[in-house]
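# Results of the structural survey
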2 protein chains.
Amino acid sequence: MTQAPAPDRGARSRDAILDTAAELMSRYGYAATSISMISAECGLPPSSIYWHFGSKDGIYVAVLERARIELLAALPPVEVPGADVAQRLDAFLAEVEDAFRRHPHGLKLLLGLGMVQQDASAAAVAEVHHYRDALVVWARDALSAVFGLDDRPEVADELARFTLRLASGTAVARWFEPGVVLETRPLRVALLALAAHHNAPARGSSGGGALSCGVADGEYGE
Amino acid sequence: MTQAPAPDRGARSRDAILDTAAELMSRYGYAATSISMISAECGLPPSSIYWHFGSKDGIYVAVLERARIELLAALPPVEVPGADVAQRLDAFLAEVEDAFRRHPHGLKLLLGLGMVQQDASAAAVAEVHHYRDALVVWARDALSAVFGLDDRPEVADELARFTLRLASGTAVARWFEPGVVLETRPLRVALLALAAHHNAPARGSSGGGALSCGVADGEYGE
DNA sequence: GTCTATAACCAGATAGAC
DNA sequence: GTCTATCTGGTTATAGAC
């Protein structure tokens, strides 16, 4: 009941602006989100928003930076626990699916800009690439750990690209139909088949050749 | 050398506006593309643009409609030729990859709006969904024909979703790095493994059980 | 740090001559 | 069908009191 001495009123306002901006920008995109909209939604006048962030680009950079930090914190650690490939993969996929469901902002922000490369401020472009690069590195390292691909970086890269592109595409689908989730069952089948196709060592699995798959390499092989 | 009697000057202007708008909107998104930009780029004054399309929404609808028609015309026909699954799948993937490479506008327009659902005009929303639905139907029918899934519509749906999401995600990646292509090799492995996982009949293939895959169903099965 | 008020500008859209 | 000129309203951003 202390009557709001509010030593940190500034920080709270800053967060409120950031929350509102993240919500609106991930819904309408950067260009279509105006300062007036943010102001009306969060209650603070435009001048306060400018006091905190300096410019519209500044808001965007701050929003994206926070989304990146939150998303990376929510993603599974690179060293997934599990004795064999199947266990690690299941743990990995469960956590990815969960992060995807609980952090709808992340990818939508990256997509919903409408200004990714051209005409944007250098800081905004840098943050966009920072965000994206962090995701790529995380995916490569995590999948490398899951499949034991320390000595096959190009395979880990392919699995990472595949996973991230499927996740991005699912984020696009969720844009059109809210409620769409990342389908981990087909992704699981696909990742196992891809690893087998490359004769991944499957270190820690029950057997060296266990991942080989007749379909991919045999009858229908390239 | 006929000195431009130009009986179809209107149609040519309309096309020029459409070309410019498609280029700009797929690059910057709908909201960030202004009438002035289109006017400056294509040479015609704003009033001419409004005479042809009535409103900014009208331009967007026309651009999207044309992109949809062009993309669908470029996609492989539903009935892919080929005696067995492998042949049909290869033909299918080759054409999809080609269409993806040669029609960079399509997906970027769908993504780069920043206004997909809310606040947009009813006509724009309808055209966006028309576009998307046409792609979904095409993918389901084509993959159903490739794998012989007439009696397994839910499997065809899953393969279609998988393929389209991977393609959408790749379109997003291409947004960041121009030159990115649709990787059909991993997609091929994944689709075969998914079909095998569902015990797809593989009608027209060399054998009924040929698609079964030890990895997906056996040791690591769910 | 937050507010009211407003400057400077550019957007989408229209009027009407030709 | 195309042009010049313009209206109205919203946009980013700032000034200055509190």
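In what follows, the accompanying structure is described. (Residues numbered from 1 in each chain as written. Chains lettered and ligands numbered in written order. Predicted model: local features only at pLDDT ≥ 70, side-chain atom pairs only at ≥ 80, totals over all residues. Heavy atoms only, no water.)

## Structural notes on the protein's contact with DNA strand C
Where we set the bar: Any residue with a heavy atom positioned within 4 Å of a molecule or strand is treated as near that molecule or strand. In protein, a polar contact means a hydrogen-donor-capable atom and an acceptor-capable atom, both N or O and within 3.5 Å, with residues adjacent in sequence counting only if both atoms are side-chain atoms; elsewhere, any N or O pair within 3.5 Å suffices.
With respect to spatial proximity, 17 residues lie near DNA strand C, and among them A:Ser13, A:Pro45, A:His52, B:Ile35 and B:Tyr50 are the closest. Close to the protein, within 4 Å, the atoms of DNA strand C belong to sugar or phosphate groups at a rate of 66%. Taking A:His52, its side chain carries an N or O atom lying 2.7 Å from a phosphate oxygen of DNA strand C. Within the backbone of B:Ile35, one N or O atom sits 2.6 Å away from a phosphate oxygen of DNA strand C.

## A look at the pattern of salt bridges
Rules: Basic side-chain nitrogens of Lys or Arg form a salt bridge, by our definition, when they fall within 4 Å of a carboxyl oxygen of Asp or Glu. In this description a helix means any DSSP run of H or I spanning at least four residues, a strand means any run of E spanning at least two, and both kinds are numbered starting from the N terminus.
According to the stated counting rule, one finds 28 salt bridges over all chains in the structure shown. Residue A:Arg185 is joined to B:Glu158 by a salt bridge in which the shortest nitrogen-to-oxygen separation is 2.8 Å. Within this pair, whereas A:Arg185 is found in helix α9 (residues 184–197), its partner B:Glu158 is found in helix α8 (residues 153–176), the two belonging to separate chains. Among the salt bridges present, the one from B:Arg188 reaches B:Asp90, with a minimum N-O distance of 2.6 Å.

## Some details on the protein's contact with DNA strand D
Here is the rule: Under the scheme applied, nonpolar residues are Ala, Val, Leu, Ile, Met, Phe, Trp, Tyr, Cys and Pro; charged residues are Asp, Glu, Lys and Arg; polar residues are all the others, including Gly.
What surrounds DNA strand D is a group of 17 residues, the closest being A:Tyr50, B:Ser13, B:Pro45, B:Ser47 and B:His52. Atoms of DNA strand D within 4 Å of the protein: sugar and phosphate make up 66%, bases the balance. Between DNA strand D and A:Lys56, the relevant distance is 3.0 Å, taken from a phosphate oxygen to a main-chain nitrogen or oxygen of the residue. Here B:Ser47 contributes a side-chain N or O atom positioned 2.7 Å from a base nitrogen of DNA strand D. Put simply, the parts of the chain that give the surface near DNA strand D at least two residues each are α2 (35–42) and α3 (46–53) of chain A together with α1 (9–28) and α3 (46–53) of chain B. Looking at the surface near DNA strand D residue by residue, the classes come out as 5 nonpolar, 10 polar and 2 charged.

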